[in-house]
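Coordinate analysis (summary)
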Amino acid sequence: MGVELVQERWKGKLYTLTIGREPNQVTVGGDSTLPFLDLDGGTYSRPVSALTVLDQRPENWPDTLAGAWGDVLDDPVKWAQRCVELGADAVVLRLISAHPERGDRSPAECAATAKAVAEAIDRPLIVLGCSVDEKDAAVLPVVAEALNGYNCLIGQATSENYKTVVAGCLAHGHSVIATSPLDINLAKQLNILMTDMNLPPERIAMDPSIGPLGYGIEYAYSIIERKRTGALLGDRMLAVPVICLVGEEAWKVKEAQTTDGPEWGADEPRGVLWEAVTAASLAQAGASIFVFQHPEALRQFSLQIDALMGK
Amino acid sequence: MALNGLAIYKLLPKTNCKDCGQATCLAFAMQMAAGKASLDACPHASEEAMETLGAASEPAIALVEIGTGDKTVKLGNETVLFRHDKRFVHPTAIGILVSDRLDDATEEARIQAINGLFFDRLGETYGVDLVAVRNDSGDAGRFVEVVRKVAELSTLTPALLSEDPTALRGALEAVGERKPLVYGANPENYEALTALAKEFGVPLGVRADGLDELAGLVEKITKLGHKQLVLDSGARAVKQVLADQTLIRRLAIMKRFRPFGFPTICFADNNDGVQRLLDSVVYTAKYAGVLIVNSVDPAEVLPLITWRLNVYTDPQKPIAIEAKVYEVGTPGRDAPVFLTTNFSLTYYCVMGDIESARTAAYILPVDTDGTSVLTAWAAGKLTPEKIKNFLETSGISDRVDHRRLIIPGGLAVMTAKLNEITDWEILVGPRESCVIGSFLRDNW
């Protein structure tokens, strides 16, 4: 007995975002169907997996995470090169030292670090500030200028500081991460505001502020899924690729950090699994860029993506 | 064919007798149209109604029950493709594989390990549902022996994985009253297995090679009169499973295709532990009714159970926790007191970050109908008066000697007012809970 194919006729598609310099560019988006599904025709792009570098030695990282990096944690340039060796499609530089409570480093110092990292790797660079709106507004435009020509992805632009961040990125040829607090309408609104400044939608990635596994991931999952289906149904302001900071979220939770939960099994794999599961679930929802902290989580995620892409 | 609520209503008695459990016949008709109620629930339905409504009166995906008493697991009755449309109804039943080829000591240790796969979370306990004994030995006697051992050592419901009618009959004679899942029927053995499943009144897994063969096999089995089925398209690679699961769900819900109107079963038996877990994550998100996993490692099962819990929460409803005094660690009379909202995500972020800071503290989540700090403040659900009232009624004053309250950074504008109307000194905390650790070092 033959089974009928039930196909969805999607009419929209995601914008295509390209970052980095030739010949090492990376492209995401352009998807015209649901992730990893050939059923409806259309195409889906392979998610991009990035590894995180902090610009100063991380505080409070559990040994199961810090141990994976060994002696590079004090040197962002060596750390970034290690990320490339470990198979990252892109490197994320987190300028945590700009944080008023973590060093309060100046925009010029941050820009110098970012430039040194960009020069040392043959992969696209994604730069994140310190998540303090005012400080990022001061730092990111200076970083954007120093990275002129590198075609980076820079964030996080929020409803509070997007004007200065977008202006800096527009002037120096970068794309922008638009961060909104787990709300599809606020996310859409921010995209509208940014494109009103003549930033092309092809130069935006949305960061929905995910919660990790066990701590609100279901909200992120459904928001990302709604964005994906909304974009496929033709809503252009939802049609930019989604970036998820899975590593820094997953490693915050006690299940990933703790060393005294015998009923939870051994510590060694648990944090990695927490991070990999957070990523694997949001890949099903339709996110495009995944930012990891542990190289084994990135490796395992990429292996599953190979299988899902049919390779 | 799917009928709308009004068309169904016309065929009902229109007496509003409430015998079906709904307030009115119209409400019942709407439930039926949504695939959430069956005409069976109406004791007064006319023959015409039964004939006309036929398939339309049945839920799009049948309700299937495995197990008995408080170990009953319900599957099916799902109504949507995406959880943002409506809540997924019955969480995936997780079964842990036990091969009947292990030696007795290993077998016992594995069953005990499965019994331990339970975790506390949000004040509730969550765990696995089934012990799935697989007849790898090919020996019917050995299979029955292991099934007996499972029944003896575990209160979890067994799933009986064999294609041999003799082995299954033996196992059902031993544990049939526990209403195990039998898996499964295939094109060669389905007549014998359907007869067995009917005789013992147990649900039957159906395995075919591809969706076409599966639809044909299900039709044959339902014609034999068994309708407690769980479907397997035979796919094992994650990409094909995702495709098959999606098409089965679409056909059942969008087309009311009867052969696929049953819950499904997936197997995460990748040899690589981590890939097995990641595949399980896909199957749980993508509609598996039963998921058989080949692992007893808590480090692997805890993330999976957590993910299942997350997927099956109601997306329409912010999860609220009870507004009362919570302790992190063992706080003394000088411990810091944090104010936040009773949106569970907000609360657990604050709690997690206080734990990470290795500090004992009290948390006071104000009842904001389960909304976050800024949302609650914007909606007028988090006012200085409400905070004052909560400070007075929560009993926190009796548990600490000081009167210093840490409020979220996003509520800094309330500081003056709170200092004025309460007898607490207000400390403005960070906007993001992740820096609570450094905040405490500098301010407490």
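The structure under discussion appears in the preceding block.
Summary of the structure given here. Sequence positions are assigned chain by chain, starting from 1 and proceeding in written order. Chains and ligands are labelled by the order in which they are written, letters from A for the one and numbers from 1 for the other. Totals for whole chains, interfaces and linings use every residue, but because this is a predicted model, local features are given only for residues with pLDDT of at least 70 and side-chain atom pairs only at 80 or more, for both listing and counting. Hydrogens are left out, water is left out, and the side-chain values use all remaining heavy atoms of the structure.

1. Some words on the environment of aspartate 133 of chain A
Threshold: A helix here means a DSSP run of H or I that spans at least four residues, while a strand means a run of E at least two residues long, and both kinds are numbered starting from the N terminus. Classification of residues uses two cut-offs on accessible area relative to the type maximum, computed with a 1.4 Å probe and protein chains only: under 20% is buried, over 50% is exposed, and between them is partly exposed.
With respect to the helices and strands, the residue aspartate 133 of chain A is situated in helix 4 (residues 133-146). The exposure class of aspartate 133 of chain A is partly exposed, given its relative accessible area of 22%.

2. Some thoughts on unusual backbone geometry
A cis amide bond, omega 0°, links glutamate 22 of chain A with the succeeding residue proline 23 of chain A. Examined against the element boundaries, proline 23 of chain A turns out to sit in the loop between strand 1 (16-19) and strand 2 (26-29). A cis geometry characterises the amide bond from tyrosine 183 of chain B onward to glycine 184 of chain B, with omega recorded as -5°. Here the phi dihedral of asparagine 16 of chain B falls at roughly 50°; this positive angle occurs in a residue that is not glycine. Residue position: asparagine 16 of chain B is located in the loop between helix 1 (5-10) and helix 2 (25-33). A relative accessible area of 36% places asparagine 16 of chain B in the partly exposed class. The backbone of asparagine 77 of chain B shows a phi angle near 60°, a positive value even though the residue is not glycine. If you trace the backbone, asparagine 77 of chain B turns up in the loop between strand 2 (73-75) and strand 3 (93-99).

3. A word on the pairing of strand 5 (residues 125-128) of chain A
All names here are of chain A. Filter applied, for reference: Each pair of strands is called paired provided DSSP finds at least two bridges between the two strands. Crossovers are marked right-handed if the path from the first strand over the helix to the second runs clockwise, as seen with the strands pointing away from the viewer.
Here strand 5 shows no split at all, with Leu125 and Val127 on one side and Ile126 and Leu128 on the other all buried. Bridging between strand 4 (residues 90-94) and strand 5 involves 4 bridges; their strand directions are parallel. Paired with valine 92 across the two strands is isoleucine 126, which belongs to strand 5. Taken together, strand 4, helix 3 (residues 107-120) and strand 5 constitute a β-α-β crossover, and its handedness is right-handed. Inspection of the sheet shows strand 5 paired to strand 6 (residues 153-157) by 3 bridges, in the parallel sense.

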